Amino acid sequence: MPRGKVYLIGAGPGDPKLITIKGKEAIERADTIVYDRLANPRLLRHMKPGAERIFVGKLPDKHILKQGEINQLLVDLALQGKVVARLKGGDPSVFGRVGEEAELLAEHEIPYEIIPGITSAIAVPVYAGIPITHRDYTSSFAVVTGHEYPNKTYSNVHWDHLAVGVGTLVFLMGVANIEAITERLIRHGRSPETPAAVVRMGTWMEQTTLVGTVETIAKQVREADLQSPAIIIVGEVVRMREKLAWFEKRPLFGRRILVTRAREQASELVLGIEELGGEAVEFPVIRCQTPTQPEAVHALDEALSRLPEYDWLLFTSVNGVEYFFRRLIETGRDIRSFHQAQIAAVGPKTADALRIRGLTTMALPAEFQQEGLLDALAPHVRPGQRVLIPAGDLARDVLPTRLREWGLGVTTVVAYENVLSTENGEEALDLLRGDAIQAVTFTSSSTVTNLLEALRRLGEERPELLLARTAIYCIGPLTAKTAEAAGLKVHRVAEQATVQSLLEAILHD
Ligand code: SAH
């Protein structure tokens, strides 16, 4: 029986990108992921296909796996030969009980690694605009548990030293005891005027911050009914927040936005959302694949065998280029079989896809609906020329129709198919059900129909009701029409059919 291995991983404070490269690689490698409440479940998307996940935090029935049971679980899994990723919020060694987990593994001689993480004690304040140290204010900080009182009469915390001996104080697990904590600080000599802040769900889209003083903060927390997980920060550095609340000031802060585009096309939108301070959740409901219909394959192969006969090759998308070349190579040909043809590409991305294949082409404007494309092409084509257009199965007919009207011989072939995908759908569904998605973006009619169908296949009976709880943004009027026909309420439509314009529509609200 192969020996398993356990990675004890710091998952960071919540922002799903605040995990180390090493931690992410361990998740990718693991057979089983053991995670709890503070580790962002969005990290599970790095799991390899078929990996198992075990939640050991608070379950819906409030049962909590005891620490001893978790320790034993890790041992058992490893003894079964599994590679285990144990995800722990923040850094595993900061009030994370990693010592106990590692100890039992060591006793059983099970190989393990501890991968540090970014602790909430430092990351959460700075996401709230509070650097934990600052030349002008403090040169020391302490991270303190807020958990062990008031029931304990004795305390490991030396309040007399702590209250006045350290610059910045950060209390974890302290919300329930905030009255006792602040009262003791004052009693042991900290000025009641000292600035204090409480940050809940720091680095998440849900981050909430309260600012006051040691004297006022407990009352503020109760009035706002702020619940765990939250940290308490005490010290002059809290003043910096007024200037430095960068995370909460970004325009899309607080908004988790669903991106339904095919993965190959999603990056511009995803980067745009992240750049503006939102969190993008990718659920590509469309996937491209090689054609499966025998007639389509036949037509493509037929066109490939006649490549020397075409005067023009017209590529309308990056996928068109990718799949055309894939089949070209598969059928034993290469670019020399169309050396006589002129080549045009719709849009700069398509032109780039050809350029990396050694073909410099005529780049046409990307706007399909507009005359620009045809205007650009018109001076170059002549009646009687033969044009091959390798495209997707959902390509629209505008271009071939017009070229035919001009007297050209047009062959369109399906180089790839768009199919529905449910990959990564559980994550999106969980977030939607938890009202943790604030906006949904649709970039084509098929993203609308596919999302609804994908959610249905994942077990959601009335997906349109679920989507009614978020704001829906469409890239253009056609997409919006499809959405409305499907029973969705469209919040806003982009003014132009571009990702930039879609982002502006979201920013509008
Ligand atoms: N090992 C973790 C801390 C575990 S103790 C770390 O290094 O961050 C759990 C406590 O951490 C919570 O009660 C809360 O006080 C704090 N905490 C963890 N994540 C947090 C977050 N995103 N926002 C605010 N507090 C957080």
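Predicted model only: the values in this text are computed from it and were never measured.

Before going further, it helps to examine a nonpolar patch on the surface. A contiguous nonpolar surface patch, about 400 Å² in accessible area, is contributed by Phe-95, Ile-122, Phe-141, Val-143 and Met-173. Along the chain, the position of Ile-122 falls in helix H4 (residues 120-127). The class of Ile-122 is partly exposed, set by a relative accessible area of 38%.

The next subject is the site of the ligand. If you check the shell around the ligand, you find 19 residues, and the closest are Val-94, Thr-119, Ser-120, Met-173 and Ala-230. Measuring from an oxygen atom of the ligand, one finds a backbone N or O atom of Ala-230 at 2.7 Å. The protein chains hide 94% of the 540 Å² of surface that the ligand would expose on its own. Looking at the shell around the ligand, the elements that each hand over two or more residues are H4 and strand S10 (230-234). Counting the residues that make up the shell around the ligand, at least three belong to each of domain 1 (5-118) and domain 2 (122-249).

The next point concerns helix H10 (residues 263-275). With 13 residues, H10 should cover 18 Å at 1.5 Å per step; its first-to-last C-alpha distance of 18 Å lies within 8% of that length. Of all the bends in H10, the largest measures some 25 degrees and sits at Leu-269. If you check which residues of H10 are buried, you get Ala-266, Leu-269, Val-270, Gly-272 and Ile-273. Positive phi appears at Gly-277, one or two residues downstream of H10, with a value of about 95 degrees.

Membership of the largest hydrophobic core comes to 27 residues, with the highest contact counts inside it found for Val-440, Leu-451 and Leu-467. Among the secondary structure elements, those contributing two or more residues to this core are helix H16 (425-433), strand S19 (439-442), helix H17 (445-457), helix H18 (463-467), strand S20 (471-474) and helix H19 (477-485). When residues of this core are assigned to their parent elements, the largest contribution, five residues, is made by H17. Discounting chain neighbours no more than four positions away, the residues touching Val-440 are Leu-258, Leu-432, Leu-451, Leu-467, Thr-470, Ala-471, Ile-472 and Tyr-473.

What follows deals with the pattern of salt bridges. Inspection of every chain in the model, using the stated rule, returns 34 salt bridges. The partner of Arg-42 in a salt bridge is Glu-279, with the nearest N and O atoms 2.8 Å apart. With Arg-42 in the loop between strand S2 (32-35) and strand S3 (52-55) and Glu-279 in strand S12 (residues 279-282), this residue pair connects regions lying 237 residues apart in the sequence. For the pair Arg-42 and Glu-279, one class covers both residues: buried. For Glu-453, the salt bridge identified is with Arg-456, shortest N-O distance 3.2 Å. Residue Glu-453 and its partner Arg-456 are located together in helix H17, separated by three residues, close to a single helical turn. Residue Glu-453 is classed as partly exposed on the basis of its relative accessible area, which comes to 27%. Overall, Arg-456 belongs to the partly exposed group, its relative accessible area being 39%. One salt-bridge network, held together by shared partners, links Arg-42, Glu-206, Arg-256, Glu-279 and Glu-427.

Calculation notes
Residues numbered from 1 in each chain as written. Predicted model: local features only at pLDDT ≥ 70, side-chain atom pairs only at ≥ 80, totals over all residues. Heavy atoms only, no water. Patch = residues over 30% accessible without salt bridge, like charges linked within 9 Å, V, L, I, M, F, W, Y side chains within 5 Å. Areas by Shrake-Rupley, 256 points an atom, 1.4 Å probe, with all protein chains shown as cover. Salt bridge = Lys/Arg side-chain N within 4 Å of Asp/Glu carboxyl O. Helix = DSSP H or I, 4+ residues; strand = E, 2+ residues; numbered from the N terminus. Buried < 20%, exposed > 50% of the residue type's maximum accessible area, 1.4 Å probe, protein only. Near = heavy atom within 4 Å. Polar contact = N/O pair within 3.5 Å; in protein donor to acceptor, adjacent residues only side chain to side chain. Domains from an automatic or database assignment. Expected span 1.5 Å × (residues − 1). Bend = angle between axes of the 7 residues up to and from the residue. Core = buried A, V, L, I, M, F, W, Y, C linked by side-chain atoms within 4.5 Å. Contact = heavy atoms within 4.5 Å.

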